[in-house]
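Residues per chain, in single letters:
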Amino acid sequence: MTARDASEKRARTRPRNWKFVAAIITALAAALAVYMLAEAGAGGAIGYALLVVLPAALTAFIAWVGSMGRNWPRRTFLLVPVWMALAAAVIGAAFLREGVVCLLMALPFWMLFGYIGIWPVYLYRRDRARVDPATFRAHGLLLLPFLALLADQQLKPPGETRVVVREIVVDAPADAVWAQLLAIPAITADEGRWNMSQDILRLPRPVAAHLQGEGPGAIRDALWQEDIRFQEIITDWEPGAALQWRFAFPDPSIHERTDRHIEPHGRHLWIDTGGYRLIAMADGRTKVRLWTRYHLATPFNAYAGWWGERILGDIQDNVLAIVAGRLAKSMAGGKP
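Each value, and the rule that gives it
- Residues numbered from 1 in each chain as written.
- Predicted model: local features only at pLDDT ≥ 70, side-chain atom pairs only at ≥ 80, totals over all residues.
- Heavy atoms only, no water.
- Salt bridge = Lys/Arg side-chain N within 4 Å of Asp/Glu carboxyl O.
- Helix = DSSP H or I, 4+ residues; strand = E, 2+ residues; numbered from the N terminus.
- Polar contact = N/O pair within 3.5 Å; in protein donor to acceptor, adjacent residues only side chain to side chain.
- Axes fitted to C-alpha atoms, helices over the stretch in contact; angles between N-to-C directions.
- Parallel < 35°, antiparallel > 145°, perpendicular 65-115°, else oblique.
- Left-handed = near helix turned anticlockwise from the far one by under 90°.
- Contact = heavy atoms within 4.5 Å.
- Nonpolar A, V, L, I, M, F, W, Y, C, P; charged D, E, K, R; others polar.
- Pairing = 2+ DSSP bridges.
- Buried < 20%, exposed > 50% of the residue type's maximum accessible area, 1.4 Å probe, protein only.

## Some words on the pattern of salt bridges
- In this structure the tally under the stated criterion is twelve salt bridges.
- In this structure, glutamate 167 engages arginine 289 in a salt bridge whose closest nitrogen and oxygen atoms are separated by 2.5 Å. One end of the pair, glutamate 167, is in strand β1 (residues 159–170); the other, arginine 289, is in strand β7 (residues 286–297), and 122 residues separate them in sequence.
- The salt bridge partner of aspartate 272 is arginine 293, with a shortest N-O separation of 2.7 Å. Taken together, the residues span a long stretch of sequence, with aspartate 272 in strand β6 (residues 269–280) and arginine 293 in strand β7 at a distance of 21 residues.

## Comments concerning the side chain of glutamate 232
- As for its position among the elements, glutamate 232 is in strand β4 (residues 228–238).
- At 2.7 Å, the side chain of glutamate 232 and the side chain of arginine 220 are in polar contact.

## Details of the packing of helix α2 (residues 48–66) against helix α3 (residues 74–94)
- In the contact formed by α2 and α3, the axes pass within 10 Å of each other and the chain directions differ by 130°. Between α2 and α3, the crossing angle belongs to the class labelled oblique. Handedness of the crossing formed by α2 with α3: right-handed. Counted together, Leu58, Thr59, Ile62 and Ala63 of α2 and Phe77, Val80, Pro81 and Met84 of α3 form the full contact between these two elements.
- Per-class residue counts for the contact of α2 with α3 are seven nonpolar, one polar and no charged.

## Comments concerning the sheet that holds β6
- Pairing is antiparallel in the open sheet, where seven strands are placed in the order β1-β7-β6-β5-β4-β3-β2. Both outer strands of the open sheet, β1 and β2 (206–212), are each paired with one neighbouring strand and no more. Averaged over neighbouring strand pairs, the angle between their axes works out to 20° when direction is ignored.
- As defined by bridge partners, β4 adjoins strand β5 (residues 242–248) across seven bridges and the pair is classed as antiparallel.

## So, the environment of leucine 54
- Residue placement: leucine 54 occurs in helix α2.
- Residue leucine 54 is classed as buried on the basis of its relative accessible area of 1%.
- In this view, leucine 54 contacts Ala31, Val34, Ala49, Trp110 and Pro145; residues no more than four positions away in its chain are not counted.

## Some points on unusual backbone geometry
- One non-glycine residue, arginine 202, lies in the positive phi region at around 65°.
- Tracing the chain through its elements places arginine 202 in the loop between α7 (196–199) and β2.
- Under the relative-accessibility criterion, arginine 202 is labelled exposed at 57%.
- Even without being glycine, glutamate 226 reaches a positive phi, approximately 65°.
- According to the relative accessible area criterion, glutamate 226 is partly exposed, its value standing at 44%.

## Here we look at the pairing of β6
- Sheet topology places β5 next to β6; five bridges connect them, and they run antiparallel. Counted as the bridge partner of glutamine 244 is glycine 275 from β6.
- As judged from the eleven bridges shared by β6 and β7, these two strands associate in the antiparallel manner. The residue bridging isoleucine 279 from the neighbouring strand is lysine 287, located in β7.
- Hairpin connection from β6 to β7: five residues lie between these consecutive antiparallel strands, with glycine 284 at a positive phi of about 95°.

Have a look at this one:
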């Protein structure tokens, strides 16, 4: 190839490269606009527009413009949803203050529907690498998320109530267990157990729980890492048998330090009540059951509930491990 041929080739390629870059910038701007409108709307950001239609439309748009006049191999098409999902995650973390849990929950949607969106583009381009752009108005794809957003605002997400339960068997009578449940002061870093939610996703761990009063109406003040505070207001008090409470969040500490889309008293998630049940066993041991009831209101309750089972289950397992460890020390004659 002569220098003149190479120069002409670069001249032909440059406009297509700029079109591709412009397409990516346009797609990201559209994504940001949809996100901001969803956040401001009554439906919130957890909806079909942001998690289904947006990734499908953006990847289809970018793939169409990027492959226009080119012979993209299959692997290039397959990489578009991956890079798009990663870009959305980076932008969400760096500029939109999204937490790691929200990003991990959203990534499978962006990957799945990104591939669904890109598939018809790949099929169309496979045998038509050089098609007049007028045959397909790619920018029309970017209107789809906004139309879906209008539909989201009119749809009330289905509500669902779920209960997460964890149990542990301890070598102690129910009366001894009861005394350890009422207050758990000064939890040290070596107490509890390893779990994915608090050791990998870095969710806060409990630091202390203090009891004010006795019987129904008493208040357990809970303090967690990152200066998170909330209350458990006792609604059922059965010494040696059961303790139940409703959750209260009297200050904004938990709202300021958790993902706003999964905060415990938000529009999509509402953590309601919880409690312990002590079950005496024939061999003198006690089964300690810890449960939490919460409400969901999303278009994807089954998926959100799967995450709720794991995250709340990890937190409960950790609390039960703390109680069991202190009971073991107490029964052995050491300090709890």
